[in-house]
Amino acid sequence: MRIRNLFLSRKHTAITVIILLLLSALILMSLRVKQRKGVDFFDALLIEICSPFQKATTSILKEIKGFFRGYLFLVQLQKENTMLRQKIAELRKENQQMKEMALASDRLQKLLQFREKVSARVVAAEVIGQDPTSWFKSLTLNRGERDGVRKGMAVISPEGVVGQILKTGPFHSVVLLITDYTSALDSIVERTRAKAIVEGMGENRCNLKYLLRAEDVEVGDSVITSGLAGNFPKGLMIGEVRKVDKRGHGIFQYAELIPSVDLTRLEEVLIIIESSPLPREEKEKKVKRTK
Amino acid sequence: MKRILPPLCLGILFLALQSTLLTFPFLHRIRPDLVLILTLYLGLSYPPLSGGLIAFLLGYGMDLLSGNTFGLYTFSRLILFYWAQLFKNRIYLENFFLQSLLVFLFTLADGLLVLFLLRTLNPEPWRHLIPPLFTSFLPHSLSTALVSPFLFALFHRVFFLFQDYRMGEKG
C-alpha cells in the first residue's frame, strides 16, 4: 500500500512497474552484450534455486528408467507363475542394477584413467541438466565456484572436448557445448597440422572455419585442440572430419566435423581447473599488488 | 506472495523438466516449451504486475540454464506476456483448437523475436540458425501448441485453488 501511495493511481503504478520491468530486461541484455556478464549475485542465486529441481528430476528419472528396465517387462505373465515371476523380477532388477553399476564403474574407471593421464588439475562433475531452449546447447553440472570452477574453464571427457564453463553458481555451473553456434575453439588437423577454428553448428555438428584451401584435409581426419586457446591443453580430441567441400571461391575450404563425444548422452565430465588463465579482475589485482 | 509463489514454483519445476526429462534424444526435437505455455496462460489471466514479475523471473531462469549469454529470454518472455495481456478478455479461449492456435502463433512469435535479437546482437553465426528453424523450431512450436490445452486446463484448476479468479477476469 505504501508503495502504491507514491503513485497517483493504480493505473500509474501498473504502467510504472511494467516500464521498470521492461527497462530492467533491456539493461540486463545490454550488460550481458557489452561486458559478457549479468548480475553475478542474482545469477548465482537463481542457478542455485533451479539446480536442486533439476537434480531431483534427474535422479527420479534414473530410478524410473531402472524400474522399467528391471521389472515392468514381467507384469503380464500368467498367474501361476507369480512367485517365479517375482523371483525373476528381483533377479533381473538385481542384475540390471549390477549392470548399471558395472557400466557406471567402467565409465568412472575410464574417467579416472583419463584423469591420471591429463597433466592438469581436474575436478570430476556430474551432468544434471541440459539446455531448456531449442536454440542453444549447454549442460548444467553439479560443481560450482566452491569446487574451484570459474568461467572459461575447459570441460572434457575421456572421448574428447565437451565445451567451456559459461556461468557459475556456488555449487553448480553451466557449460557451453562445442556444438553451440556461439562456441569457437582453436584447433589443428592431427595428420597434416592444418590450423582451423572449430565452430558449433548445433545438432551435434561443428564446422571447420578458416581452413585454407591449400591444406590437405580428408574425410576421417582427426581434429585436436591446438593448445593456443589457453584453457584447453594441446592434443585433446575434438572430432572427426565428416565432409570436405572445396567448391566455391575464396581462400578457405569448408569442412564439417562430428564431435568425438556424444554430447546428448554425457553423464560425467572433467573440468580442467589449473590450466585456465586468470580472470581479468584477478589479473588486475595481482598487477596492483606487485606495484 | 500467494499469487506469485504457486506459478513461480510451477515454472521452476517446468524449467527443470524441460532441461531433464524432455531432453531425451527421441524427444529433443519435439519437446514442448512448458515455460512458454505457463507465461502465456499468465498473460491471459494474471494481472500485469505479479504476472509480469513471474514472466521476468522465468525468462531469467531460461537464460541462466541455457547457453545463451545475452539475456534474450528475460526480454522476449516479458514482451510475450504483455502482448498476451492485449488479448485478455478479447478472445474466446474455452475452445481447445483456439488455445492451440493461439499458443502456436505466440511460440512462432517468440522464436522469431529471439532470432531477431540474435541477428541484431551477434550477426556472425546467424546462418547456422536457419536449418534448426525448420528441423527443430517448427516441430517444437507444433508440440507446444498441442500440449497447451491440457496444460491450460491444469493451470486453471491449480491456480483456482490458490485464489478466486477465472481466466479472462481482470486481476
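Residues numbered from 1 in each chain as written. Chains lettered and ligands numbered in written order. Predicted model: local features only at pLDDT ≥ 70, side-chain atom pairs only at ≥ 80, totals over all residues. Heavy atoms only, no water.

### Structural notes on the overall build of chain A
If you tally the helices and strands in chain A, you get five helices and 12 strands. The burial tally for chain A puts 41% of its 291 residues in the buried class. Summarising the internal contacts of chain A: among those between residues at least 6 apart in sequence, 57% fall at separations of at least 24. (Helix = DSSP H or I, 4+ residues; strand = E, 2+ residues; numbered from the N terminus. Buried < 20%, exposed > 50% of the residue type's maximum accessible area, 1.4 Å probe, protein only. Contact = heavy atoms within 4.5 Å.)

### As for the packing of aromatic side chains
Residue and element names in this part refer to chain B. Scanning all chains against the criterion turns up 13 aromatic pairs over all chains. Geometrically, the ring pair formed by Phe56 and Tyr60 is tilted, given 6.3 Å between the ring centres and 45 degrees between the ring planes. Placement of the pair is Phe56 and Tyr60 together in helix 3 (residues 48–65), with a separation of four residues, close to one helical turn. Grouping aromatic residues by their ring pairs yields a cluster made of Phe14, Tyr41, Phe152 and Phe155. (Phe/Tyr/Trp six-rings, centres within 6.5 Å; stacked < 30°, edge-to-face > 60°.)

### Side note on the sheet that holds strand 11 (residues 252–259) of chain A
Pairing between the strands of a sheet is mediated by backbone hydrogen bonds and can be parallel or antiparallel. All names here are of chain A. Pairing in this closed barrel of six strands is antiparallel, and the strands run 6-7-8-11-10-9 around the ring. Strand-to-strand, the axes of this sheet are offset by a mean angle of 40 degrees, without reference to chain direction. Bridging between strand 6 (residues 184–189) and strand 9 (residues 222–225) involves three bridges; their strand directions are antiparallel. What sits directly across from Ile188, in strand 9, is Ile224. (Pairing = 2+ DSSP bridges. Axes fitted to C-alpha atoms, helices over the stretch in contact; angles between N-to-C directions.)

### Thoughts on the nonpolar core
In this structure, A:Trp135, B:Phe14, B:Leu38, B:Phe56, B:Leu72, B:Leu118 and B:Phe155 are the most contacted members of the largest nonpolar core, which totals 61 residues. When contributions to this core are tallied by element, the ones reaching two or more residues are helix 2 (10–35) and helix 3 (40–70) of chain A together with helix 1 (5–18), helix 2 (34–45), helix 3, helix 4 (72–87), helix 5 (96–121) and helix 6 (130–162) of chain B. When sequence neighbours within four positions are dropped, the list of residues in contact with A:Trp135 reads A:Tyr181, B:Tyr73, B:Gly111, B:Val114, B:Leu115, B:Leu129, B:Pro132, B:Leu133 and B:Phe137. By size, the runner-up hydrophobic cluster in this structure holds 44 residues, among which are A:Phe114, A:Ala125, A:Cys206 and A:Leu208. (Core = buried A, V, L, I, M, F, W, Y, C linked by side-chain atoms within 4.5 Å.)

### A few points about the interface of chain B and chain A
In this complex, chain B contributes 57 residues to the contact, which on the side of chain A involves 53 residues. For the chain B and chain A pair, buried surface summed over both sides reaches about 5000 Å², with 70% attributable to carbon and sulfur atoms. Along the contact surface separating chain B from chain A lie zero salt bridges. For the pair chain B and chain A, the number of links is eight residue pairs in polar contact (both at pLDDT 80 or more). Breaking the side of chain B that touches chain A down by element, the ones donating at least two residues are helix 1, helix 3, helix 4, helix 5 and helix 6 of chain B. Residue contributions to the side of chain B that touches chain A peak at 11 residues, all from helix 3 of chain B. A per-class count over the side of chain B that touches chain A returns 34 nonpolar, 18 polar and five charged. (Buried area = accessible area lost by both parts, 1.4 Å probe. Salt bridge = Lys/Arg side-chain N within 4 Å of Asp/Glu carboxyl O. Polar contact = N/O pair within 3.5 Å; in protein donor to acceptor, adjacent residues only side chain to side chain. Nonpolar A, V, L, I, M, F, W, Y, C, P; charged D, E, K, R; others polar.)

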